[in-house]
Amino acid sequence: MASTTLSAIWKSLLAALRRHSDHPDHANPPVSLQSGDAVQLITSWLGGESTTRGLDREPEGTLDADWTIESLEARGIDARLIRLYPDDLPFLQLPALVGDQQGGWLVVRGKADGEFLVAGERGLVRLSRARLLHASLGIAIETKPMGVESGGLWRRLSRLLYDQRRYALVALLCSISVQVLLLLIPWMSTQAIDRALPRGSADLLLIICIGMASAAISRALVGLLRDLTLASLYARVDVGLEKGLLRHLLSLPFRQIQGRTLGELIQAFIGIRMTRSVAFNGGLSAALDACSAVVFLLYLASIRPGAALFLTLGVAAYLFAYTVVAYAKMRGAKELVGLGQAERNAVGELLMGIPILKATGSEKWGLGRWQRHLRHQLRKSLKVERFSLIEGLLNDSLNYGGLAFVLLWGGSEALSGRMTIGQFMAFSQLSASYLLSMSNLAQAGAAFALARPQLLRTQEVFSAPRAKRTGPASALSGKDPINVEDLWFRYGDTGPWVLSGLTFSVAPGSLCHLKGASGKGKSTLLRILAGLYEPEIGSINFGSTTGQPIAGSVGFLPQSARLSSGTILDNLRLLSGNARKERIFETAVGTGLDEWARSLPMGYQTLVVNGANNLSGGQRQLIAITGILASAKPILLLDEALSSLDWPKRRQVLKSPMLDGRTIIYASHEEVLAEAGHPRYSLIDLSR
């Protein structure tokens, strides 16, 4: 009955929007929408996926930003929470959700005649900027389709630039304006010196000098505007690419992520910044420098063709020498990337292994291992730096050598009367700009060649195929059995079989003990059931669903669950899939975590340091098992999840009402579950 009423309300809302879409209401103020209605409306506008994920529970409040973002992203819509300042309103990416003082969302669809079109229960309403700011709480959620989440590195960058085309267009126009002003100043120099001085017109000279000063000041101001615009564009591009890289990494098959070292992953993120630098400094700036160089050269040739030809020959010699040095530097930089990854891996292992190193007295060995990697990296880095110094020498030779030639040759030409003073000044300024443009162009080309080895890791990550999605999270209910037939698995094509011909069935709602000695494949089997690994042979059926489990339906807790930095409550919400606080606290009471947490001075707000080193192994495991039990997942896969708890605490966890009605597979070589007295206890022994 309730679902029918909600469906009728939603249809009425859409009908009202269609009736008023062509005639926005100016008089009536907008009425804010609840989070669920706002999500559905944005989804219909942007063509998002039709799914109930994210909407299967009520938000904690009408203005729950986390719930709203989660629901939008579940529908294939990129959502970003921002602090909305008055100056940012004209640049708000539409459609957007603006937090309203009534406790709901104002859904801003677009702009028309300088006003914002806001959707409400009365349809589309026009609001001025002042009225929208007056109604706003100062927060907003920008939305867009996740089209940028597909494709390789350069395709994603181009999509981001298209999304931020306003900033890119402003930066391009400013850059062109700077180049035009660079051409204007030499022309005004010629006018000032050759026309005003011989005639003795002080007024004309003053006017032209004021014009030159104005052009120089305008160039500085336009350059400042360009730099500010590029800074904003850089930030948005970096955030978009890094967010896309993280999402893509999380969507990869587990075996692909597991096979990458920490140094490789860090290098992939370093490549993000390198990509932006190459795209703008090596792409946009290089294109403008190339066009400017051609214009400067033609201008020089119109004044003195012979001198322009001589400068061009000098530039050609410079480019040849610079290319040779840049190629040698690129080869060294390619080796440096691998050495840098090895050094980062060594320092990461050193920091993570400090407890073991100190316990075994191996600090000197660990430090020496890292120093060897660092020594190799520094040696190669010094070689690359020498080539950089040679590049700097070539740049100085071109700029200062070319300027010296112009001054000596142009000065003699001006003194002999074959060139006017104005032409000499213009030729000098144009030559400096021409040589600088060619120098920048050569550096941009070298930077692109140098960045290629560092971008390979980023491109490789983006090109890796994502894991297959089998359907919405709500497809598994936990009321069907889990059937495994003739399952075979091994690590590598030539490795030994870890699981061979395994067949079993787990009844729904049962507490299954997966028993076996170390190395018999208990953890591997749980990872296969969780969808992290794919079997080479055999089939897995979750009721009527064949193949890998559906994302979000199965909860997997590894043996050494790592807690995140933050509070105890933050970790519980993370492990539970952002469950409601009431459910988390209810679960904590059943597992015994609540009694311990409330004994702490800060309770659930007690901070957990990185790695949870301020907690004991049992406390960490109690937080992890409480979080996974607080989730709404119907199937739980637990790998030695109670091994660090004492027996009374284990029994308390196993008697928690949160286990009722769920299918639970617990891997352990101990008889943990048999003593719990569960009515639907079963056993799978891999040792046989």
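You'll find the structure just up there.
Structure report, in brief. (Residues numbered from 1 in each chain as written. Predicted model: local features only at pLDDT ≥ 70, side-chain atom pairs only at ≥ 80, totals over all residues. Heavy atoms only, no water.)

Section: the overall build of the chain
Piece 1. Counting its regular elements, the chain contains 19 helices and 17 strands.
Piece 2. Sorting the 688 residues of the chain into buried and exposed places 44% on the buried side.
Piece 3. Summarising the internal contacts of the chain: among those between residues at least 6 apart in sequence, 76% fall at separations of at least 24.
Piece 4. For the chain, the exposed surface amounts to about 34200 Å²; the carbon and sulfur share of it is 59%. (Helix = DSSP H or I, 4+ residues; strand = E, 2+ residues; numbered from the N terminus. Buried < 20%, exposed > 50% of the residue type's maximum accessible area, 1.4 Å probe, protein only. Contact = heavy atoms within 4.5 Å. Areas by Shrake-Rupley, 256 points an atom, 1.4 Å probe, with all protein chains shown as cover.)

Looking at the sheet that holds strand β17 (residues 681-685)
Piece 1. Taken in spatial order, the 5 strands make up an open sheet running β12-β15-β16-β9-β17, and their pairing is parallel. Each edge of the open sheet is held by one strand with a lone partner, namely β12 (554-557) and β17. Between one strand axis and the next, the sheet turns through 15° on average, direction left out of account.
Piece 2. Where strand β9 (residues 511-515) meets strand β16 (residues 663-667), 4 bridges bridge the pair, whose relative direction is parallel. Paired with C512 across the strands is I665, a residue of β16.
Piece 3. Taken strand by strand, helix α18 (residues 617-629) contacts β12 and β15 (635-639), and its axis lies near 175° from that of β12. (Pairing = 2+ DSSP bridges. Axes fitted to C-alpha atoms, helices over the stretch in contact; angles between N-to-C directions.)

Here we look at the packing of helix α15 (residues 568-575) against α18
Piece 1. Contact geometry of α15 with α18 gives a least axis separation of 7 Å together with a crossing angle of 45°. Taken together, the axes of α15 and α18 are oblique relative to one another. Crossing of α15 over α18 shows right-handed handedness. Of α18, the residues touching α15 (which contributes I568, N571, L572 and L575) are I623, A624, T626, G627 and I628.
Piece 2. Each residue belonging to the contact of α15 with α18 can be placed in one class, and the counts come to 6 nonpolar, 3 polar and no charged. (Parallel < 35°, antiparallel > 145°, perpendicular 65-115°, else oblique. Left-handed = near helix turned anticlockwise from the far one by under 90°. Nonpolar A, V, L, I, M, F, W, Y, C, P; charged D, E, K, R; others polar.)

Here's the deal with the pattern of salt bridges
Piece 1. Applying the stated criterion to the full structure yields 4 salt bridges.
Piece 2. The salt bridge partner of K380 is E335, with a shortest N-O separation of 2.9 Å. Residue K380 is found in helix α12 (residues 363-416), and its partner E335 is found in helix α10 (residues 305-352); the two are separated by 45 residues along the sequence.
Piece 3. A residue is classified by how much of its surface remains accessible, and K380, at 15% relative accessible area, is buried.
Piece 4. Put simply, R490 and E536 hold a salt bridge, and the shortest N to O gap is 3.4 Å. In this pair, R490 sits in strand β7 (residues 482-490) while E536 sits in the loop between α14 (522-529) and β10 (537-542), placing the two residues 46 residues apart along the sequence. (Salt bridge = Lys/Arg side-chain N within 4 Å of Asp/Glu carboxyl O.)

Side note on the environment of V609
Piece 1. Along the chain, V609 falls in the loop between β14 (607-608) and α18.
Piece 2. Between the C-alpha atom of V609 and that of S565, which follows or precedes it by 44 residues, the distance is 5.0 Å.
Piece 3. In this view, V609 contacts S565 and N614; residues no more than four positions away in its chain are not counted.

Description of the packing of aromatic side chains
Piece 1. All told, the structure shown has 7 aromatic pairs when counted by the stated rule.
Piece 2. Pairing W488 with W497 gives two aromatic rings, centres 5.3 Å apart and planes at 85°, and the pair type is edge-to-face.
Piece 3. On the basis of relative accessibility, which here comes to 27%, the residue W488 falls in the partly exposed class.
Piece 4. In textbook terms, an aromatic cluster arises when at least three aromatic residues are bridged by ring pairs, as seen for F489, Y491 and Y533.
Piece 5. Of note, R598 hangs over the ring of F585, and the distance from its end group to the ring centre comes to 5.9 Å. (Phe/Tyr/Trp six-rings, centres within 6.5 Å; stacked < 30°, edge-to-face > 60°. Lys NZ or Arg CZ within 6 Å of the ring centre and 35° of its normal.)

Side note on the nonpolar core
Piece 1. Judged by nonpolar contacts, the single largest core of 33 residues is most densely connected at I623, I625, L629 and L638.
Piece 2. The set of elements that each furnish at least two residues to this core consists of α15, α16 (581-591), α17 (593-598), α18, β15, α19 (647-654) and β16.
Piece 3. The leading source of residues in this core is α18, at 6 residues.
Piece 4. Ignoring any residue separated from it by four or fewer positions in sequence, one finds L638 in contact with L526, L557, I625, I628, I664, I665, Y666 and A667.
Piece 5. L300, V315, F424 and F427 belong to the second-largest nonpolar core, a separate cluster that totals 27 residues. (Core = buried A, V, L, I, M, F, W, Y, C linked by side-chain atoms within 4.5 Å.)

Considering empty space enclosed by the protein
Piece 1. Across all of its chains, the model carries 1 cavity of 30 Å³ or more by this definition.
Piece 2. Considering only enclosed or pocket space, the largest cavity measures out at about 60 Å³ in volume.
Piece 3. Lining the largest cavity, in full, are L511, I625, L629, L638, L642, V653, L654, L659, I664 and Y666.
Piece 4. Considering only residue class, the lining of the largest cavity consists of 10 nonpolar, no polar and no charged. (1 Å grid on protein atoms, 1.4 Å probe; cavity = no way out; pocket = protein on both sides within 12 Å on 5 of 7 lines; lining within 4 Å. Points joined across faces, edges and corners; volume = space filled by probe spheres on them.)

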